[in-house]
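Analysis of the macromolecular model
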Amino acid sequence: MEMTENQSDKTSKHKKERSLLAFTGAAALAALALSLAISALNSRRKKSNKKDLSGSNVRINLSASEIIKLADRVIAKSKEVHDAVASVPLDKVTYANVVSPLADLEAHQFPLVQSCVFPKLVSTLEDVRKASAEAERRIDAHVLMCSKREDVYRAVKAFASKGEWMNPEAKHYIKCLVRDFEQNGLNLTVTKKEEVQRLRAQIEELSLQYIHNLNDDNSCILFSEAELVGLPPEYLKSLEKAGNDRYKITLRSHNVLALLELCQVGTTRRMVAAAYGKRCGEVNLSVLESLVELRHKYARLFGYSNYADYAVDLRMAKTSTKVFEFLEDISASLTDLATRELALLKDLKKKEEGELPFGIEDLLYYAKRVEESQFDLDFGALKQYFPVDVVLSGILKITQDLFGLRFQEVADAEVWHGDVSVFSVFDLSSGELLGYFYLDIYIREGKYGHTCVVALQNGALSHSGQRQIPVVLLISQLQKGNGGHSGLLRFPEVVSLFHEFGHVVQHICNRASFARFSGLRVDPDFVEIPALVLENWCYESFSLKLISGFYQDITKPINDEMCKSLKRWRNSFSMLKLKQEILYCLFDQIIHSTDNVDIVELFKHLHPKVMLGLPMLEGTNPASCFPRSAIGFEAACYSRIWSEVFATDIFASKFCDDLVNHHVGMQFRNKVLAMGGAKDPIEILSDFLGREPSINAFIDSKTKYSQ
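Residues numbered from 1 in each chain as written. Predicted model: local features only at pLDDT ≥ 70, side-chain atom pairs only at ≥ 80, totals over all residues. Heavy atoms only, no water.

Glancing now at the overall build of the protein chain. Within the protein chain one finds 28 helices and ten strands. Compactness check: the protein chain gives a C-alpha radius of gyration of 27 Å against a globular reference of 27 Å for 707 residues, within 12% of the reference. The dimensions of the protein chain, computed from C-alpha atoms along their principal axes, are 80 × 65 × 55 Å. The buried share of the protein chain, taken over its 707 residues, is 55%. One finds the centroid of the 86 positive side-chain charges in the protein chain at a distance of 3 Å from the centroid of its 91 negative side-chain charges. (Helix = DSSP H or I, 4+ residues; strand = E, 2+ residues; numbered from the N terminus. Rg over C-alpha atoms; globule rule 2.2 N^0.38 Å. Buried < 20%, exposed > 50% of the residue type's maximum accessible area, 1.4 Å probe, protein only. Lys, Arg positive; Asp, Glu negative; His and termini not counted. Charge placed at Lys NZ, Arg CZ, Asp CG, Glu CD.)

Here it is, written out as structure tokens:
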């Protein structure tokens, strides 16, 4: 998750040895020791003199009052620059007096804005977190006001209309500036502008109502212990009890998913799935219908025929037609594999529950039952092979070697908590300082509760030619160890950590000239692709041994059989689950590309068509069973599958046969990561792959591991 110039490819001149040893986790620690050990020891000493990070404008440990004062100064400076741009006569506009001031303002102010905003995620002090949230509110309100300034828009538009020669990235930047203003309706008539604002307000109000309805829903079902057979004791202990010694199952996603996966009683699974699908009843259904209607009206003010075309136009997919083709091609190619999966699950249910028909509520439970019977994987025991220190050292080792980087921990850097560490990143060949990353990976009270990457300073090139380096923060919620041992990670936590560190590398390796295109500020259909590519190293024997080591003896990595089982498990019974996700994505696209759709009838029709004849549970309210189509990912639910498909293409085509190919890694760094948002993503991937990206590798990978 993220909150996110070509360099000459030096690999032809400076090739590293390709025949690398298959390191274990212990060897990874040893390989990093020379560069990290001394600084790691020093960083633990409590010294009063803290080092500044050269090139970083991020401010650490501001007090509550300092945060508010800095936010006000940021706003004042922004207003000053916007006023200056707006004052330029339209016949006197130049790159130097219009475009350059706005670009430099964005680059210089971003780390100051983040200095105000990121403390709300990590500070141990409540007053600082509150001040940070207030600073964010003020800055957001100012940014919104700037985005509606017609005087600045006129100056930018006047320069864009001159058609002066510029390099492609500068031309793209100006196009984005114009587009940002025009997305706020500044190129529309007064009447249409007023209508845009009115519709926005209505959409925002309905969106909040939808969220409140779901959050306020306290529906629950009571079950006896006999009706909850299969659920672990710790799950039952977490439940409230009602009269007659019955357990109260509230219809929250974490409760429902655990029950559908573990409960052995089919009637219980069906009751819970049906109740979950009916949450908020007609209320949210009506809200979603109104939202869709308003979104269509909003899109048409900007010249689009429907909201899906409006939402997808600025994304990698470009058109809703392309999205439909993509989803239908993936779905059709999975049908044979999914049919085999479904037949196996039906047979298993028949053996366990007799002639009761297989329903969609049975999918998670029986998929897990097959996994347990087919894969010799004890995830509790597996956890013992993933101490935090070993995993992190392996990740650093892999990414350093692959992308030609060198990480060095900064001793005595100023941080906001003793658990936080800071690393400098250097280019291995030239020694150039590329940026910094902070690691704040251990759980503590008051800290943001999820794993994510936060850009603190974007890379940029000033008009004077001076490069601003990127700075980034990785936040996680890992448990610290005790008794002299490092904390242990569940395997999904290992994958998540590798994924998020992929975003760190993505941010650091960016070489775009404009902060607007730096790091994680890329096409939303593209932003997850690099991190998803790196997830693949979590399933290959070479890299699994590098990031693992038994907690009592880290020289012993996981064995070959475990590695093979993890790779097979990754794709086990994924076809039906993927089909279900495609069902929701198609539903999302259809309601946002068509007028006057009967939402319930549409879902009832699509369900058996996509899910191989499995009917929708009677009474299901699609507005509540898949809220992403209503809020947050409207007309863009496809994006996760899209990213996964093209990440698979990259890995299978370039990395699969040689995980430590430094030459390919450097090509990926220079042709993909360095570009950021400065070029069209399809162009970026085509340049790297030598062809347009394809869905074929994704299909082949699913077929291969489903044999």
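That covers the picture; the talk isn't over yet.
This part takes up the domain arrangement of the protein chain. Assigned domains of the protein chain: these are domain 1 (64–187) and domain 2 (382–571 + 640–706). Across the contact, 23 residues belong to domain 1 and 27 residues belong to domain 2. Between domain 1 and domain 2 lies a buried interface of about 2,100 Å² when both sides are counted; carbon and sulfur atoms form 60% of it. When the buried area of domain 1 at its contact with domain 2 is split by residue, Leu121, Val122 and Glu169 rank highest and sum to 29% of it. Where domain 1 packs against domain 2, one counts two salt bridges. (Domains from an automatic or database assignment. Contact = heavy atoms within 4.5 Å. Buried area = accessible area lost by both parts, 1.4 Å probe. Salt bridge = Lys/Arg side-chain N within 4 Å of Asp/Glu carboxyl O.)

Throughout the structure, instances matching the rule amount to zero disulfides. Not engaged in a disulfide, the cysteine Cys176 finds its nearest cysteine sulfur in Cys146; these two sulfurs lie 18 Å apart. (Disulfide = S-S within 2.5 Å.)

A full pass over the atoms with the stated rule returns 36 aromatic pairs. Taking 5.7 Å as the distance between ring centres and 85 degrees as the angle between the ring planes, the aromatic pair formed by Tyr298 and Tyr310 counts as edge-to-face. Taken together, the positions of Tyr298 in helix H12 (residues 281–301) and Tyr310 in helix H13 (residues 307–313) put the pair twelve residues apart, joining distant regions of the chain. Like Tyr310, Tyr298 is buried. Put simply, the rings of Phe403, Trp537, Phe651, Phe655, Phe668 and Phe688 touch in pairs and so form one group of aromatic residues. Sitting over the ring of Tyr276, Arg279 keeps its end group 3.9 Å from the ring centre. The positively charged end of Arg295 is found above the aromatic ring belonging to Tyr307, 6.0 Å away from the centroid. (Phe/Tyr/Trp six-rings, centres within 6.5 Å; stacked < 30°, edge-to-face > 60°. Lys NZ or Arg CZ within 6 Å of the ring centre and 35° of its normal.)

What follows covers the pattern of salt bridges. It is possible for side chains bearing opposite charge to pair when their charged atoms get close. Summed over the entire model, instances satisfying the criterion amount to 43 salt bridges. Of the charged contacts in the structure, one is a salt bridge between Lys604 and Glu601, with a shortest N-O distance of 3.8 Å. You can see Lys604 and its partner Glu601 sitting in helix H23 (residues 599–610), three residues apart, about one turn around the helix. Residue class for Glu601 comes out partly exposed when judged on its relative accessible area of 43%. One salt bridge in this structure joins Arg691 and Asp649, with 2.7 Å as the shortest N-O distance. One end of the pair, Arg691, is in the loop between helix H27 (681–689) and helix H28 (696–704); the other, Asp649, is in helix H25 (residues 639–655), and 42 residues separate them in sequence. By relative accessible area, Asp649 is classed as buried at 2%. Ionic contacts of the salt-bridge type, sharing partners, join the residues Asp72, Glu134, Arg137 and Arg138 into one network.

A word on the environment of Phe491. Along the chain, Phe491 turns up in helix H18 (residues 491–508). Judged by its relative accessible area of 3%, Phe491 is buried. The spacing of Phe491 and Leu566 is 75 residues in sequence and 9.6 Å in space, taken between C-alpha atoms.

Right, let's get into the sheet that holds strand E1 (residues 220–223). Strands sit in the order E1-E3-E2 across an open sheet of three strands; the sheet is antiparallel. On the outer flanks of this sheet lie E1 and strand E2 (240–241), each paired with one strand and no other. As judged from the four bridges shared by E1 and strand E3 (residues 247–250), these two strands associate in the antiparallel manner. Pairing of Leu222 across the sheet is with Lys248, part of E3. (Pairing = 2+ DSSP bridges.)

Here E3 shows one buried face, formed by Tyr247 and Ile249, and one open face, formed by Lys248 and Thr250. Relative to E3, E2 runs antiparallel, the two sharing two bridges. Across the sheet, residue Lys241 finds its bridge partner in E3, namely Tyr247. In textbook terms, the turn of a hairpin is the stretch between consecutive antiparallel strands, and for E2 and E3 this stretch comprises five residues, one of which, Asn244, has a positive phi near 60 degrees.

Taking burial as the measure, the ten residues of strand E6 (residues 433–442) include nine buried ones, the bulk of the element. Remark: five residues form the turn of the hairpin made by strand E5 (residues 421–427) and E6, two consecutive strands paired antiparallel; Gly431 in that turn has positive phi of roughly 80 degrees. Examined bridge by bridge, E6 and strand E10 (residues 471–478) share six bridges and lie parallel to one another. Residue pairing across strands places Phe437 opposite Val472, the latter belonging to E10.

The subject of this paragraph is the packing of helix H2 (residues 64–86) against helix H3 (residues 95–117). Helices that pack against each other are described as a pair by the angle of their axes relative to one another and the distance between those axes. Where H2 contacts H3, the two axes come as close as 10 Å, and the packing angle between them is 175 degrees. One element, H2, and the other, H3, form an angle in the roughly antiparallel class. Contacts between H2 and H3 involve Ile67, Leu70, Ala71, Arg73, Val74, Lys77, Ser78, Val81, His82 and Val85 from the former and Asn97, Val98, Pro101, Leu102, Leu105, Gln109, Leu112, Val113, Ser115 and Cys116 from the latter. Here the contact of H2 with H3 is built from residues that sort into 13 nonpolar, five polar and two charged. (Axes fitted to C-alpha atoms, helices over the stretch in contact; angles between N-to-C directions. Parallel < 35°, antiparallel > 145°, perpendicular 65-115°, else oblique. Nonpolar A, V, L, I, M, F, W, Y, C, P; charged D, E, K, R; others polar.)

This part is about the sheet that holds E6. Spatially, five strands are ordered E4-E5-E6-E10-E7 in an open sheet, and the strand pairing comes out mixed. Where the open sheet ends on each side, the last strands, each with one partner, are strand E4 (405–409) and strand E7 (452–457). Between one strand axis and the next, the sheet turns by 25 degrees as a mean value, whatever way the strands run. The sheet contact formed by E7 and E10 spans five bridges and is antiparallel. The partner of Ala455 across the bridge, within E10, is Val472.

Turning our attention to the environment of Val391. Looking at the secondary structure, you find Val391 in helix H17 (residues 388–403). Remark: the alpha-carbon pair of Val391 and Lys545, spanning 154 residues in sequence, is separated by 9.7 Å. Residue contacts for Val391: discarding those within four places in its chain leaves Phe386, Leu489, Val494, Leu497 and Ile547.

Here helix H14 (residues 320–353) spans only 43 Å end to end across 34 residues, well under the 50 Å set by a 1.5 Å rise per residue. Just beyond H14, the residue with positive phi is Gly354, at close to 80 degrees. (Expected span 1.5 Å × (residues − 1).)

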